[in-house]
Amino acid sequence: MARFLTHQMGQSSSTTNYSINRFLTPATISSESSDLADEINIGPLRDHTEDIPDDCLAYIFQLLKAGDRKSSSLVCKRWLRVDAQSRRRLSLIAQSEIISYVPTIFTRFDSVAKLSLRCGRKSVSLNDDALLMISIRCENLTRLKLRGCRELTELGMANFAKNCKNLTKFSCGSCNFGVEGINWMLKYCTDLEELTIKRLRSANNGNELVIVPGAAALSLKSICLKELVNGQCFEPLVVECKKLKTLKVIRCLGDWDSVLVKIGNGNGILSDVHLERLQVSDIGLGAIAKCVNIDSLHIVRNPDCSNLGLVSVAENCRKLRKLHIDGWNINRIGDEGLIAVAKQCPELQELVLICVHVTHLSMAAIAVNCQRLERLALCGIGAIGDAEIACIAAKCVELKKLCIKGCAISDTAIEALAWGCPNLVKVKIKKCRGVSSEVVNWLLRRKGSLVVSFDAAESEGLDASGSDVGGQESGVEFPVMGDQVVVGDGPSVSIGRLALLRAKLGFFASRNLVPCAFNKSSNHGDSSSSNL
């Protein structure tokens, strides 16, 4: 059974490690004091954790890593029981052999509410019978994630939905059941709030079936559709969900303008929209603009979207707080759209611009008007130079996180950051050839509490797709690079491998070891936000 139990989902690391032997073994006596052994009465072994209530012991288990928790549960029968009863999340390798272990697993873990079943591409997954057994033993299941379960059919999904009607979150990817299987979930799971469908294979065959909204349409708040050839079959569901707050459509074929028009005419609470690599134009953006409560918008590599659609959004969605735009170097979104955003969206807190045709005009407008801007990322924009960064440093007083990637800045721009942006806590600089490690070190000395991630220009291009669900859900992130060194509470800096090599080989430090591949890749529009 151990081969199918992979890890407990959502567990955090323990901050302190205690030795189990401390509680279960008597004190040892050194050879030097062996003459005192006769005077010490060593009683029978006693488990000092017996005085700890089960609830407290369960809380301690929750602080352990998955591996440590498994090991700890084997110490004694009580620990095994408390661990099993307190498990709420479980992730299993869902191979076909699991069916013989299902009774044992779910007899032990009888309180599981969140379950993940994953199977690799080269393995045969669990079938309908195994899923039925799981549903019978997990009637209180609230979350289910299926990945690579290719042996499941519509019948198996129907039986599961009938037994687990309390589901609030369902996610499936690379499964072979089709639209009918989703319809069963929507019919019986009346409390469903989040639905994620990725690479649903049978949904890509033919157009004879469409999604029936079902009872779940009354409760659904989030829908994510990714890489579906026949994604249009979900139109009735998307349109009928009047409580829908989050809509993410990524790399799904078909004309999505008509879907967005129907949503815009009937949904008044939609707040988070992510559109990536779709056949959607300014008509669709204009329809989204009718949802005046939009506060987060991602427009990623949609070649038919232009300034006209962005202006419409800016004029109507005054509550906009997060805006991500990947223009794919098509130059259809630029100063006109961003100036409208700057003037009409004063609540803007997060702005990510990738391969967008902007100049000093729009950057100055944003810096002056968006006084609440806290997170800014500028990637693969040749027009962004020292003057634009200096303007940002002088005007964006609330800025906390800044990412500059593949822009034409120099040491002068970094020096400007030292004197501006008083609330700046994190800076990421990558693939900016004009920036030296010396000025980065100077910036750290100037602002001791600042965390700087610095990497010299490298040959690979930028890739802005990076929008797998969950990747950009929480906005821009500025991760610490692998070579970063942090000393106490002081400054930190990470130097890319190439910069380290140059530092070690002083003779080559002044030479350009990187060819013009970066410029070549940038010209092809291969820019990225995946590392933001």
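Residues numbered from 1 in each chain as written. Predicted model: local features only at pLDDT ≥ 70, side-chain atom pairs only at ≥ 80, totals over all residues. Heavy atoms only, no water.

Caption draft 1: Examining the overall build of the protein chain more closely. If you tally the helices and strands in the protein chain, you get 19 helices and 18 strands. The proportion of buried residues among the 532 residues of the protein chain is 49%. Nonlocal contacts in the protein chain, meaning residues at least 24 apart in sequence, comprise 77% of its contacts between residues at least 6 apart. As presented, the protein chain carries roughly 24,400 Å² of accessible surface, and 52% of it is formed by carbon and sulfur atoms. (Helix = DSSP H or I, 4+ residues; strand = E, 2+ residues; numbered from the N terminus. Buried < 20%, exposed > 50% of the residue type's maximum accessible area, 1.4 Å probe, protein only. Contact = heavy atoms within 4.5 Å. Areas by Shrake-Rupley, 256 points an atom, 1.4 Å probe, with all protein chains shown as cover.)

Caption draft 2: Molecular detail of the confidence of the model for the protein chain. Residues with a pLDDT of 70 or more make up 74% of the protein chain, whose mean pLDDT is 79. Low pLDDT, under 50, characterises residues 7-31; the predicted model gives this stretch 44 contacts beyond four residues in sequence or across chains. Low pLDDT, under 50, characterises residues 459-532; the predicted model gives this stretch 158 contacts beyond four residues in sequence or across chains. (pLDDT = per-residue confidence, 0-100.)

Caption draft 3: Highlighting the side chain of Ser174. The topology assignment puts Ser174 in the loop between strand E5 (169-173) and helix H8 (179-188). Beyond its immediate stretch of four places on either side in the chain, Ser174 contacts Gly148, Cys149, Arg150, Lys198, Arg199 and Arg201.

Caption draft 4: Representation of the environment of Gly380 within the structure. Counting through the fold element by element, Gly380 comes out in the loop between strand E13 (375-379) and helix H15 (386-395). With relative accessibility at 16%, the residue Gly380 sits in the buried group. Separated by 24 residues in the primary sequence, Gly380 and Val356 place their C-alpha atoms 8.0 Å from one another.

Caption draft 5: Structural view of the pattern of salt bridges. Scanning the entire structure with this criterion turns up 10 salt bridges. Linking Glu194 and Lys169 is a salt bridge whose minimum nitrogen-to-oxygen distance equals 3.8 Å. Separated by 25 residues along the polypeptide, Glu194 in strand E6 (residues 194-198) and Lys169 in strand E5 bring together distant segments of the chain. Note that Arg372 and Glu347 form a salt bridge whose closest N and O atoms lie 2.6 Å from each other. Of the two residues, Arg372 sits in the loop between helix H14 (360-369) and E13 while Glu347 sits in the loop between helix H13 (335-344) and strand E12 (350-354), which places them 25 residues apart along the sequence. On the basis of relative accessibility, which here comes to 45%, the residue Arg372 falls in the partly exposed class. Three or more residues joined by partner-sharing salt bridges are found here, namely Arg199, Glu227, Arg251 and Glu276. (Salt bridge = Lys/Arg side-chain N within 4 Å of Asp/Glu carboxyl O.)

Caption draft 6: Structural detail: the pairing of strand E2 (residues 89-93). Sheet analysis places E2 next to strand E3 (residues 114-118), joined by 5 bridges and oriented parallel. Residue pairing for E3: Arg89 is matched across the bridge by Lys114. (Pairing = 2+ DSSP bridges.)

Caption draft 7: The nonpolar core, seen in detail. Grouped together as the largest cluster of nonpolar side chains are 131 residues, with contacts concentrated most on Leu117, Leu146 and Phe170. For Leu117, the contacting residues outside a window of four places in its chain are Leu92, Ala94, Leu126, Leu131, Ile134, Leu144, Lys145, Leu146, Arg147 and Cys149. In terms of nonpolar packing, the next biggest core, distinct from the first, is built from 6 residues, Val352, Ile354, Cys379 and Cys403 among them. (Core = buried A, V, L, I, M, F, W, Y, C linked by side-chain atoms within 4.5 Å.)

Caption draft 8: Looking closely at the pairing of strand E7 (residues 222-226). The element E7 is extensively covered by neighbouring structure, given that 5 of its 5 residues are classed as buried. The two faces of E7 match: Ser222, Cys224 and Lys226 on one face and Ile223 and Leu225 on the other face are all buried. The pairing of E6 with E7 spans 5 bridges and is parallel. Each residue of the ladder has a partner; that of Ile197, found in E7, is Leu225. The pairing of E7 with strand E8 (residues 246-250) spans 5 bridges and is parallel. Residue pairing for E8: Ser222 is matched across the bridge by Thr246. As for the winding sense of the linkage, the β-α-β connection from E7 through helix H9 (residues 235-240) to E8 is right-handed. (Right-handed = clockwise from strand over helix to strand, strands pointing away.)

Caption draft 9: Region of the structure containing unusual backbone geometry. Its identity is not glycine, yet Arg199 carries a phi of approximately 50 degrees, on the positive side. Note that Arg199 resides in the loop between E6 and E7. Take Arg199: its relative accessible area is 31%, and that puts it in the partly exposed class.

Caption draft 10: A look at helix H16 (residues 411-419). All of the buried residues along H16 are Ala413, Ile414, Ala416, Leu417 and Ala418. Contacts from the buried residues of H16 go to H15, strand E14 (401-405), strand E15 (426-430) and helix H17 (437-446). The positive-phi residue at the C-terminal boundary of H16 is Cys421, with phi of around 45 degrees.

Caption draft 11: Quick look at the side chain of Thr196. Turning to its location among the elements, Thr196 is positioned in strand E6. What Thr196 contacts, discounting residues up to four positions off in sequence, is Phe170, Ser171, Cys172 and Cys224.

Caption draft 12: Local environment of the packing of aromatic side chains. This structure, assessed with the given rule, holds 2 aromatic pairs. Judged by centre distance (5.9 Å) and plane angle (10 degrees), the rings of Trp184 and Tyr188 are stacked. Pair noted here: Trp184 and Tyr188 are both in helix H8, with a separation of 4 residues, about one helical turn. Judged by its relative accessible area of 24%, Trp184 falls in the partly exposed class. With centroids separated by 6.2 Å and ring planes inclined at 55 degrees, the aromatic side chains of Trp419 and Trp442 adopt a geometry described as tilted. Of this pair, Trp419 sits in helix H16 while Trp442 sits in helix H17, placing them 23 residues apart in sequence. Its end group placed over the ring of Trp184, Lys162 keeps NZ or CZ at 5.7 Å from the ring centre. (Phe/Tyr/Trp six-rings, centres within 6.5 Å; stacked < 30°, edge-to-face > 60°. Lys NZ or Arg CZ within 6 Å of the ring centre and 35° of its normal.)

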